[in-house]
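# Observations on the three-dimensional arrangement
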There are 4 protein chains.
Amino acid sequence: MNKVILIGRLTRDPEIRYTAGTGIAVTTFTLAVDRPYIGQSGQREADFIPVVCWRKLAELVANNLTKGRLIAVSGSIQTRKYQAQDGTNRYATEVIADEVKFLDRAKEQTGAFKANDEIATDEGDFFPVDGEDDIPF
Amino acid sequence: MNKVILIGRLTRDPEIRYTAGTGIAVTTFTLAVDRPYIGQSGQREADFIPVVCWRKLAELVANNLTKGRLIAVSGSIQTRKYQAQDGTNRYATEVIADEVKFLDRAKEQTGAFKANDEIATDEGDFFPVDGEDDIPF
Amino acid sequence: MNKVILIGRLTRDPEIRYTAGTGIAVTTFTLAVDRPYIGQSGQREADFIPVVCWRKLAELVANNLTKGRLIAVSGSIQTRKYQAQDGTNRYATEVIADEVKFLDRAKEQTGAFKANDEIATDEGDFFPVDGEDDIPF
Amino acid sequence: MNKVILIGRLTRDPEIRYTAGTGIAVTTFTLAVDRPYIGQSGQREADFIPVVCWRKLAELVANNLTKGRLIAVSGSIQTRKYQAQDGTNRYATEVIADEVKFLDRAKEQTGAFKANDEIATDEGDFFPVDGEDDIPF
DNA sequence: TTTT
DNA sequence: TTTT
């Protein structure tokens, strides 16, 4: 089990790229998440958390979000090894988003979007995922 | 382990009461949480989740939130048995909030508040909880 | 956003049923989740939380879990209105599971299972969901 | 809002240190968290997540956990900047634990421990946190 | 009894 | 109606 939920603001516009062979969309951004207390005497009071989105969610984020926007992200923590320029091994820890919810501009455009959603329409509407019948508990 | 995180809107103004003997503040409200998909053919598309806050958080919520406000709640699920008017036993399931974050009116007033916080000032500022030293990982 | 994570034990064997028209499997059970503190003077020290699983996950749970087993559940809170025998409206609050992880008997049989998984083999192995390429952060 | 929940096993015995001036206990370990699917063709199928505990929880973890133990952790993601040996700035992302629950050896010793708990007794019992009166919802 |  |  590996669950993360964050609420924060984008520190910059998101960046979209495409994987080399397969052309899959991947968007990255950093989320500034306020700590729930005032740091002692001028210390940093937010965490800057790297977030990665794939496929439809990558396109949705790249097309609809900009620096400063307030969002909620749910996903999981992923670690990976990579080679730095100097050839040494480094380890990165990132959040892989599987759901993003826009929290400001709530009047015009709101919605939660999941990792496998179709791209959102202008109406910012929701898409069916798996509506269930009534529950006979 | 018993963790809940919700984002939604108050269906009404919160209600504050005080426990009989000890006069402890307890505030209750219902949070409308949109489901991430369109229900098939006009079905209900939100869950209406009962939330309970205690003490300082109870006062904070009662004094600062009203019907329609967008918030994030973290807490836990609690169940309890009670007697209905007809004398039969009933079971209630509620979320006990230990943190509430105001998400709209983000410009004027924002903040996350925890179950044991002092009452918030008008500035909507944060209060120290347990700032830590640097981490020697 | 509507996220729940619980760790607890089944109070009884799970019950499986099938929806009337469509024959979709739905399994229900109650999870006893210990509170993180000792109740004052012999009060209840666990919450008894109703959990519902659908489809493959319903079958997996019904076939593999019994009273007393320790599991982790992730899902969401759902509320619904129903008619009691006396014709009055009642409201139920339940957790809809989308992932269940078996935590005891960890040597012989472990695994996390998601709402849309194929039914598990005897090996208790994992099934592909959406393995991703490397992340160019 | 910044919430993390992980279930996994320690990759090694935890390491305890004490902050320079103030002598506060801080324990670090890495948690191996299985991914919920089989990686394509022999790729890594777990994330290795750095976890940090402070004070009482640091001592509890250092004294009671060893390599291979299965635990649940709840906490938050924290990022920090540090200087590498070569003088360049690096960024680390870690989970700061505020609750740890032991999941194996459930017969002999179980319990959930919070960031501010007293040190656990041998009985592995729970400690009072904030038991509440009945809820007049 | 439900919010935007 | 509750589990270890």
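What counts and how
- Residues numbered from 1 in each chain as written.
- Chains lettered and ligands numbered in written order.
- Predicted model: local features only at pLDDT ≥ 70, side-chain atom pairs only at ≥ 80, totals over all residues.
- Heavy atoms only, no water.
- Helix = DSSP H or I, 4+ residues; strand = E, 2+ residues; numbered from the N terminus.
- Buried < 20%, exposed > 50% of the residue type's maximum accessible area, 1.4 Å probe, protein only.
- Contact = heavy atoms within 4.5 Å.
- Areas by Shrake-Rupley, 256 points an atom, 1.4 Å probe, with all protein chains shown as cover.
- Near = heavy atom within 4 Å.
- Polar contact = N/O pair within 3.5 Å; in protein donor to acceptor, adjacent residues only side chain to side chain.
- Nonpolar A, V, L, I, M, F, W, Y, C, P; charged D, E, K, R; others polar.
- Pairing = 2+ DSSP bridges.
- Arc of directions from axis to C-beta.
- Phe/Tyr/Trp six-rings, centres within 6.5 Å; stacked < 30°, edge-to-face > 60°.
- Lys NZ or Arg CZ within 6 Å of the ring centre and 35° of its normal.
- Salt bridge = Lys/Arg side-chain N within 4 Å of Asp/Glu carboxyl O.
- pLDDT = per-residue confidence, 0-100.

### A word on the overall build of chain A
A tally of regular secondary structure across chain A gives one helix and seven strands. The buried share among the 137 residues of chain A stands at 52%. Taking as baseline every contact in chain A between residues at least 6 positions apart, the subset at least 24 positions apart corresponds to 54%. Put simply, chain A shows about 6,400 Å² of open surface, and 46% of that area lies on carbon and sulfur atoms.

### Notes on the protein's contact with DNA strand E
Surrounding DNA strand E, one finds 15 residues, the nearest of these being Arg9, Ala32 and Phe48 of chain B together with Lys81 and Tyr91 of chain C. Sugar and phosphate atoms represent 47% of those atoms of DNA strand E found within 4 Å of the protein. With respect to DNA strand E, the side chain of Lys81 of chain C contributes an N or O atom lying 2.8 Å from a phosphate oxygen. At a separation of 3.5 Å, a phosphate oxygen of DNA strand E approaches a polar side-chain atom of Asn89 of chain C. Elements that contribute at least two residues to the surface near DNA strand E include exactly strand E1 (2–10), strand E3 (25–34) and strand E4 (46–54) of chain B together with strand E6 (89–102) of chain C. Sorting elements by how many residues they give to the surface near DNA strand E places E3 of chain B first, with three residues. Split into classes, the residues belonging to the surface near DNA strand E amount to five nonpolar, four polar and six charged.

### Focus: the protein's contact with DNA strand F
Around DNA strand F there are 15 residues in total, and Lys81, Asn89 and Tyr91 of chain B together with Arg9 and Phe48 of chain C lie nearest to it. A breakdown of the atoms of DNA strand F within 4 Å of the protein gives sugar and phosphate a share of 47%. Contacts to DNA strand F include Lys81 of chain B, whose side-chain N or O atom sits 2.7 Å from a phosphate oxygen. Put simply, the parts of the chain that give the surface near DNA strand F at least two residues each are strand E6 (89–102) of chain B together with strand E1 (2–10), strand E3 (25–34) and strand E4 (46–54) of chain C. A total of three residues in the surface near DNA strand F trace back to one element, the largest contributor, which is E3 of chain C.

### Regarding the pairing of strand E2 (residues 15–18) of chain C
Residue and element names in this part refer to chain C. Note that E2 and E3 share four bridges and pair antiparallel. Among the inter-strand pairings, Arg17 is bridged to a residue of E3, identified as Val26. What sits between the antiparallel neighbours E2 and E3 is a turn of six residues, in which Gly23 has the positive phi angle 65°.

### Some details on helix H1 (residues 55–64) of chain D
Among the residues of H1 of chain D, those classed as buried are Leu57, Ala58, Leu60 and Val61 of chain D. What you see down the axis of H1 of chain D is that its buried residues fit within an arc of 165°, all on one side.

### Looking at the packing of aromatic side chains
If you walk through the whole model with that rule in mind, you get zero aromatic pairs over all chains. The positively charged end of Arg69 of chain A is found above the aromatic ring belonging to Phe102 of chain A, 5.8 Å away from the centroid.

### Observations regarding the environment of Leu10 of chain B
Residue and element names in this part refer to chain B. Relative to the helices and strands, Leu10 is located in strand E1. Given the relative accessible area of 3%, Leu10 is considered buried. Aside from chain neighbours lying at most four places away, what touches Leu10 is Phe29, Thr30, Leu31, Leu65, Thr66, Lys67, Gly68, Arg69 and Ile71.

### Overview of the pattern of salt bridges
All names here are of chain D. For the structure shown, the criterion picks out 28 salt bridges over all chains. The salt bridge involving Asp104 is made with Arg69; its shortest N-O contact spans 2.7 Å. Within this pair, whereas Asp104 is found in the loop between strand E6 (89–102) and strand E7 (111–114), its partner Arg69 is found in the loop between H1 and strand E5 (70–83), the two being separated by 35 residues in sequence. Relative accessible area serves as the criterion here: at 14%, Asp104 is assigned to the buried category. The buried category is assigned to Arg69, whose relative accessible area is 2%. Taking the shortest distance from any N to any O, the salt bridge between Arg90 and Asp86 comes out at 3.9 Å. Judged by its relative accessible area of 18%, Arg90 falls in the buried class. Assessed through its relative accessible area of 47%, Asp86 is described here as partly exposed.

### Quick notes on unusual backbone geometry
What is expected of a backbone is that most residues other than glycine have negative phi and most peptide bonds are trans. A positive phi is found at Arg55 of chain B, a non-glycine position, where the angle reads about 60°. Relative to the helices and strands, Arg55 of chain B is located in helix H1 (residues 55–64).

### Quick notes on the confidence of the model for chain A
Residue-level pLDDT values for chain A average 82, and 77% of them are 70 or greater. Per-residue pLDDT stays below 50 along residues 119–137 of chain A; that stretch engages in 59 contacts with residues further than four places along the chain or on separate chains.

### Some details on the side chain of Asn2 of chain A
Structurally, Asn2 of chain A is set in strand E1 (residues 2–10). Within the local environment of Asn2 of chain A, its side chain forms a polar contact with the backbone nitrogen of Ile77 of chain A, the two atoms lying 2.8 Å apart. With residues up to four places along the chain from it excluded, the contact list for Asn2 of chain A reads Gly75, Ser76 and Ile77 of chain A together with Ile5, Leu6, Val33, Asp47 and Ile49 of chain D.

### A short note on the environment of Ile24 of chain D
All names here are of chain D. Positionally, Ile24 belongs in the loop between strand E2 (15–18) and strand E3 (25–34). On the basis of relative accessible area, Ile24 is assigned to the buried category, the value being 15%. Taking the C-alpha atoms as reference points, Ile24 and Ala112, 88 residues apart in sequence, are found 22 Å from one another.

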